[in-house]
Amino acid sequence: MKELSLNILDVAKNSVTAGASLVQISLLTDASGWMTLTIADDGCGMSKETLQNVTDPFYTTRTTRKVGLGLPLLKLATEQTGGSLHIESSQEQGSSGTTLVARFDTTSIDCMPVGDIISTICILIAGSPEIDFEFSDVTPTREVSLKTKELREVLGGEISLAEPEIQGWMREYLQEQYTSEA
Amino acid sequence: MKSLAELAAIREKMQSKVALREGEASLRVVVGMATCGIAAGARPVLNAFVDGVNNANLTDKVTVTQTGCIGICQYEPVVEVFEEGKDKVTYVKLDAQKAAEIVEKHLKGGNVVTEYTIGAYKKD
């Protein structure tokens, strides 16, 4: 993985697999250059045993193969900057879900660039147009956000968020927010 | 500035079109988007297929979707093309440029780009 946005694309799919109805992805960078990535979902959550092993590359819930690299790679990406990865999860009925918090020192020479986050968000939404995503990317100088719920209110139930026309609009909507920074 | 009002206008334009489109796509392009695919460069490949299908006005005929790991990680980025009544075509080691070529020759022209298929790759 050469971009953090690729890790985000990979790991956020776990939330989709967990049956989430809402996935929140946020990037928050403070003035000192520390960036916090949070991915929170209301999916089925993980057992204590799974949670303990989840960043072990040779642990996976898949039955077809023995290796699961998504979270280990994200953990590596945080730790090589001096940051960390924390995951909390609950399987309690009514309040189940998983929250992942990854911290990066973006001033570190070993911090990967975020890369094409717009593609990541658009592809995630196109891949699961039926569930809701909330995305935000906030730094001291600008704020970017997209909430599929708001788009759905405008579009009604008939038009899928995966439609090429909607995807095109979404991409430009995000691009404009990124380029209009002060 | 892009606004939600503009989205409402797109909606008006699309409503009739979407009704026509239901269930008509006969070609399905499936891009492997698990850790292995993403790390190997599947994201630009997926983008290239989506853009290519749009630009060639093939959206009525072709749908582009994502899937997980299909078990041949060493050949990623892997793309499978399903067409009714035909054998599945598996393309391997793709990039955005090869994807654009497949849109033009295979999805639009109906001719499989044999040199990018798994069969041709294994022979080398």
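**Student:** Explanation requested: helix H4 (residues 96-108) of chain B in the structure shown.
**Tutor:** In an α-helix, one turn spans 3.6 residues, which is why side chains three or four residues apart end up on the same side. Residues and elements named next belong to chain B. An ideal rise of 1.5 Å per residue puts 18 Å on 13 residues; H4 measures up with 17 Å between its terminal C-alpha atoms. Considering bend angle alone, the principal kink of H4 is centred on Ile102 and spans about 30°. Along H4, the residues that are buried comprise Ala99, Ile102, Val103, His106 and Leu107. Its buried side turned inward, H4 meets strand E1 (27-32), helix H3 (42-55), strand E2 (62-67), strand E3 (79-83) and strand E4 (89-91). Two or three places before Gln97, at the start of H4, stands the capping residue Asp95, its side-chain oxygen 3.1 Å from that residue's backbone nitrogen. Count one or two residues on from H4 and you reach Gly110, which has phi positive near 85°.

**Student:** Help me understand the pattern of salt bridges, please; the structure alone is not making it clear to me.
**Tutor:** When their charged atoms lie close together, side chains carrying opposite charge are able to pair. Residue and element names in this part refer to chain A. In total, this model carries 8 salt bridges over all chains according to the counting rule given. Across the pair Glu79 and Lys75 runs a salt bridge, and its minimum N-O distance is 3.5 Å. With Glu79 and Lys75 both in helix H3 (residues 70-79) and 4 residues apart, this pair spans about one turn of that helix. For Lys75, a relative accessible area of 27% gives the class partly exposed. Its salt-bridge partner being Arg152, residue Asp132 comes within 3.1 Å of it at the nearest N-O pair. Of this pair, Asp132 sits in strand E5 (residues 132-139) while Arg152 sits in helix H5 (residues 148-155), and the two are 20 residues apart along the sequence. By relative accessible area, Asp132 is classed as buried at 17%.

**Student:** In this structure, what is going on with the sheet that holds strand E2 (residues 34-41) of chain A? I would like to understand it.
**Tutor:** The strands that make up a sheet are held in pairs by hydrogen bonds between backbone atoms, and each pair lies either parallel or antiparallel. Residue and element names in this part refer to chain A. Judged by pairing direction, the sheet is mixed, and its 6 strands sit side by side in the order E3-E4-E2-E1-E5-E6 without closing on themselves. If you trace the sheet from one side to the other, it starts and ends with strand E3 (84-90) and strand E6 (142-147), each paired once. Here the average twist between neighbouring strands, direction ignored, is 5°. Two elements, E2 and strand E4 (residues 97-105), share 8 bridges in a ladder whose sense is antiparallel. Pairing of Trp34 across the sheet is with Asp105, part of E4. Sitting on the sheet, helix H4 (residues 117-127) is in contact with strand E1 (22-29), E5 and E6, with an inclination near 165° to E5.

**Student:** Is there a simple way to think about the packing of aromatic side chains in this case?
**Tutor:** We describe a pair of aromatic rings using the distance from one ring centre to the other and the angle between the two ring planes. Residue and element names in this part refer to chain B. Applying the stated criterion to the full structure yields 2 aromatic pairs over all chains. Measuring from ring centre to ring centre gives 5.6 Å for Tyr75 and Tyr121, while their planes differ by 85°; the resulting arrangement is edge-to-face. Of this pair, Tyr75 sits in the loop between E2 and E3 while Tyr121 sits in helix H5 (residues 118-123), and the two are 46 residues apart along the sequence. Lying across the ring of Phe82, Arg28 places its NZ or CZ 4.7 Å from the centre.

**Student:** What's the story with the nonpolar core in this structure? I'm lost.
**Tutor:** For soluble globular proteins, the rule of thumb is that nonpolar side chains tend to be buried together. By size, the foremost hydrophobic cluster in this structure holds 76 residues, and its most contacted members are Ile25 of chain A together with Phe49 and Leu107 of chain B. Considering each element in turn, this core owes the most residues, 7 residues, to H4 of chain A. Beyond its immediate chain neighbours, meaning those up to four positions away, Ile25 of chain A contacts Ile8, Ala12, Leu37, Thr38, Ile39, Ile121, Leu124, Glu134, Phe135 and Ser136 of chain A.

**Student:** Even after reading the chapter, I still don't get the sheet that holds E4 of chain B, so can you show me in this structure?
**Tutor:** Residues and elements named next belong to chain B. The mixed open sheet is built from 4 strands, whose spatial order is E2-E1-E3-E4. Each edge of the open sheet carries a strand with a single partner, namely E2 and E4. Adjacent strand axes in the sheet meet at a mean angle of 20° when their direction is disregarded. In this structure, E1 lies alongside E2, joined through 6 bridges in parallel fashion. Bridge pairing in E2 links Arg28 to Thr63.

**Student:** What am I meant to see in the side chain of Gln167 of chain A here?
**Tutor:** Residue and element names in this part refer to chain A. Positionally, Gln167 belongs in helix H6 (residues 164-179). Classification of Gln167 as buried rests on a relative accessible area of 12%. Side-chain polar atoms of Gln167 contact the backbone oxygen of Cys122, separated by 3.3 Å. Once you skip the residues sitting within four places of it in the chain, Gln167 turns out to touch Cys122, Ile125, Ala126, Leu161 and Ala162.

**Student:** I keep staring at the packing of H3 of chain B against H4 of chain B and nothing clicks. Help me out?
**Tutor:** Residues and elements named next belong to chain B. Two numbers describe how H3 lies on H4: the axes approach to 8 Å, and their chain directions differ by 35°. Handedness of the crossing formed by H3 with H4: right-handed. Where H3 approaches H4, its residues Pro44, Val45, Ala48, Phe49, Gly52 and Val53 are matched on the opposing element by Ala96, Ala99, Ile102, Val103 and Leu107. Along the lines of polarity and charge, the residues of the contact of H3 with H4 split into 10 nonpolar, 1 polar and no charged.

**Student:** Teacher, can you tell me more about the confidence of the model for chain A here?
**Tutor:** Fine structural detail should not be taken from predicted coordinates in areas where pLDDT scores are low. The pLDDT averaged across chain A works out to 92; a share of 96% of its residues lies at or above 70. The least confident element of chain A is helix H2 (residues 48-53) of chain A, whose mean pLDDT is 89; the most confident is E1 of chain A, at 98.

Definitions and cut-offs
- Residues numbered from 1 in each chain as written.
- Chains lettered and ligands numbered in written order.
- Predicted model: local features only at pLDDT ≥ 70, side-chain atom pairs only at ≥ 80, totals over all residues.
- Heavy atoms only, no water.
- Helix = DSSP H or I, 4+ residues; strand = E, 2+ residues; numbered from the N terminus.
- Expected span 1.5 Å × (residues − 1).
- Bend = angle between axes of the 7 residues up to and from the residue.
- Buried < 20%, exposed > 50% of the residue type's maximum accessible area, 1.4 Å probe, protein only.
- Contact = heavy atoms within 4.5 Å.
- Polar contact = N/O pair within 3.5 Å; in protein donor to acceptor, adjacent residues only side chain to side chain.
- Salt bridge = Lys/Arg side-chain N within 4 Å of Asp/Glu carboxyl O.
- Pairing = 2+ DSSP bridges.
- Axes fitted to C-alpha atoms, helices over the stretch in contact; angles between N-to-C directions.
- Phe/Tyr/Trp six-rings, centres within 6.5 Å; stacked < 30°, edge-to-face > 60°.
- Lys NZ or Arg CZ within 6 Å of the ring centre and 35° of its normal.
- Core = buried A, V, L, I, M, F, W, Y, C linked by side-chain atoms within 4.5 Å.
- Left-handed = near helix turned anticlockwise from the far one by under 90°.
- Nonpolar A, V, L, I, M, F, W, Y, C, P; charged D, E, K, R; others polar.
- pLDDT = per-residue confidence, 0-100.

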